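The lines below spell out each chain.
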Amino acid sequence: MSADPGKTRPIAVSLHVTVLGTGAMGQGIAQVTAQSGHTTRLFDAAEGRALAAVKAIGAQLEKLLTKGKITGDQRHQAMNRLSAATDPRDACAGADVVIEAVPEDMQLKVDVLKPLLEVLGPHALIGTNTSSLSITELGARLGVPERTVGLHFFNPPPVMELVEVVRGLSTSDTTIARAVDFAKGLGKTPIVVRDVPGFATSRLGVILGAEAMHMLEMGVASAEDIDRGMELGYRHPMGPLKLTDLVGLDVRLAILDHLTKEIGDQFRPPAILRSMVRAGKLGKKTGEGFYKWVDGQPVAR
Ligand code: CAA
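Residues numbered from 1 in each chain as written. Predicted model: local features only at pLDDT ≥ 70, side-chain atom pairs only at ≥ 80, totals over all residues. Heavy atoms only, no water.

1. A closer look at the overall build of the protein
So, step 1. When its secondary structure is counted, the protein shows twelve helices and ten strands.
So, step 2. In terms of overall dimensions, the protein is globule-like: its C-alpha atoms have a radius of gyration of 19 Å, near the 19 Å expected for 301 residues.
So, step 3. Considered along the principal axes of its C-alpha atoms, the protein spans approximately 55 × 45 × 35 Å.
So, step 4. In the protein, buried positions account for 49% of the 301 residues.
So, step 5. Restricting to contacts in the protein with at least 6 residues of sequence separation, those with at least 24 account for 67%.
So, step 6. Accessible surface computed for the protein: about 13900 Å², of which carbon and sulfur atoms make up 55%.
So, step 7. The protein carries 34 positive and 33 negative side-chain charges, and their two centres are separated by 3 Å. (Helix = DSSP H or I, 4+ residues; strand = E, 2+ residues; numbered from the N terminus. Rg over C-alpha atoms; globule rule 2.2 N^0.38 Å. Buried < 20%, exposed > 50% of the residue type's maximum accessible area, 1.4 Å probe, protein only. Contact = heavy atoms within 4.5 Å. Areas by Shrake-Rupley, 256 points an atom, 1.4 Å probe, with all protein chains shown as cover. Lys, Arg positive; Asp, Glu negative; His and termini not counted. Charge placed at Lys NZ, Arg CZ, Asp CG, Glu CD.)

2. Observations concerning helix H9 (residues 223-233)
Each α-helix winds once per 3.6 residues, and so residues spaced three or four apart point in a common direction.
So, step 1. Taken together, the buried positions of H9 are Ala-223, Ile-226, Asp-227, Met-230 and Glu-231. All buried residues of H9 lie within an arc of 130° about the axis, which places them on one face of the element. Turned more than 90 degrees away from the buried face of H9, the exposed residues are Leu-232 and Gly-233.
So, step 2. Looking one or two residues beyond H9, the residue adopting positive phi is Arg-235, at roughly 60°. (Arc of directions from axis to C-beta.)

3. Focus on the site of the ligand
So, step 1. With respect to spatial proximity, 15 residues lie near the ligand, and among them Lys-67, Lys-69, Ser-131, His-152 and Asn-155 are the closest.
So, step 2. At 3.1 Å from an oxygen atom of the ligand is found a side-chain nitrogen or oxygen belonging to Lys-69.
So, step 3. About the coverage of the ligand: the protein hides 64% of its 1000 Å² of free accessible area.
So, step 4. Its residues assigned to classes, the shell around the ligand comprises nine nonpolar, four polar and two charged.
So, step 5. No fewer than three residues from each of domain 1 (5-194) and domain 2 (202-289) sit in the shell around the ligand. (Near = heavy atom within 4 Å. Polar contact = N/O pair within 3.5 Å; in protein donor to acceptor, adjacent residues only side chain to side chain. Nonpolar A, V, L, I, M, F, W, Y, C, P; charged D, E, K, R; others polar. Domains from an automatic or database assignment.)

4. Thoughts on the domain arrangement of the protein
So, step 1. What the domain assignment reports for the protein is domain 1 (5-194) and domain 2 (202-289).
So, step 2. Distance between the C-alpha centres of domain 1 and domain 2: 26 Å.
So, step 3. Each side of the interface is counted separately: domain 1 has seven residues, and domain 2 has seven residues.
So, step 4. Roughly 570 Å² of surface becomes buried between domain 1 and domain 2 when both sides are summed, with 60% attributable to carbon and sulfur atoms. (Buried area = accessible area lost by both parts, 1.4 Å probe.)

5. Re the environment of Gly-168
So, step 1. As for its placement among the helices and strands, Gly-168 is situated in the loop between strand E7 (162-167) and helix H7 (173-185).
So, step 2. Since its relative accessible area comes to 4%, Gly-168 is described here as buried.
So, step 3. Residues Gly-168 and Ile-191, 23 residues apart in the sequence, show an inter-C-alpha distance of 14 Å.
So, step 4. Excluding residues within four positions of it along the chain, Gly-168 makes contact with Ile-135, Thr-136 and Asp-195.

6. So, unusual backbone geometry
So, step 1. Residue Asn-155 is joined to Pro-156 through a cis peptide bond whose omega torsion reads -5°.
So, step 2. Mapped onto the elements of the fold, Pro-156 is located in the loop between strand E6 (148-152) and E7.
So, step 3. The backbone of Arg-235 sits at a positive phi, close to 60°, despite the residue not being glycine.
So, step 4. You can see Arg-235 is positioned in the loop between H9 and helix H10 (240-247).

Right, dumping it as structure tokens:
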């Protein structure tokens, strides 16, 4: 089931939220938090990217306004709650909730978050949007395991209803309760899962995508027909190859590599995936993956 990205969500408390990393996920998450009434600061290490994300959110809200899904006042208020910071310490000062949405690399996540702990108050929730990496390891390496929690959103965040709340070995009950309340306040449905590689969703999702790639390598059917099979035969909103394009081939490869190491060979990435990533064909964000993407829509290659 999809969430309505224009739905008004009553919130109990307006929080200060910081989103670190403004790729598709960070940008979408920031849109959701700002629309839900939270003051939202964005930071990205690439110069100008956080500001570009704020502008892109403005364009998304404009579309919702045109469709009559939000009012002009709601758009205005959401935009007023959003800002782009050029220094991550400024972005994090006084934050109640931090959501890290940088690429799937444990060392990078530690490097980004660790220096910010000193400007984050002791009450700040440390959320990570990782799809598969260990919350337990991240919390331990940051030295704040009780406050570290997985807040796993789904692409596109304004539309997808689920938030997977991942409990590390030492995540406290208070942190889990706060994370669940926070997700509900965003109009999402949270599920609480144990910290195992790939959690409850990525583990199943990537297997389907990888199998579709093996079938493509074997010439079982074209990419479009493999997708059509799952769309029409199983009522998936989007076939597994189109979905891989939406999520990003690099993201899926990183998850599969991690799960191969942690769980076993059933997650070994198909050769076609690795070579497409090496060729820079990362899906929708680069304009080409298993499809060509023209004006945001998939076209058969
Ligand atoms: N931001 C905001 N809204 C968006 C959007 C975006 N990026 N993309 C689509 N929408 C909105 C559209 O505006 C449209 O809204 P209206 O109904 O108000 O017009 C609505 O979503 C439906 O969009 P479309 O009509 O363009 O197309 P669609 O009906 O095919 O839906 C889709 C698009 C919602 C993406 C749908 O195909 C879908 O649900 N696909 C599966 C997505 C999915 O499985 N995501 C999870 C990926 S895994 C993941 O993210 C986890 C991870 O860790 C990697």
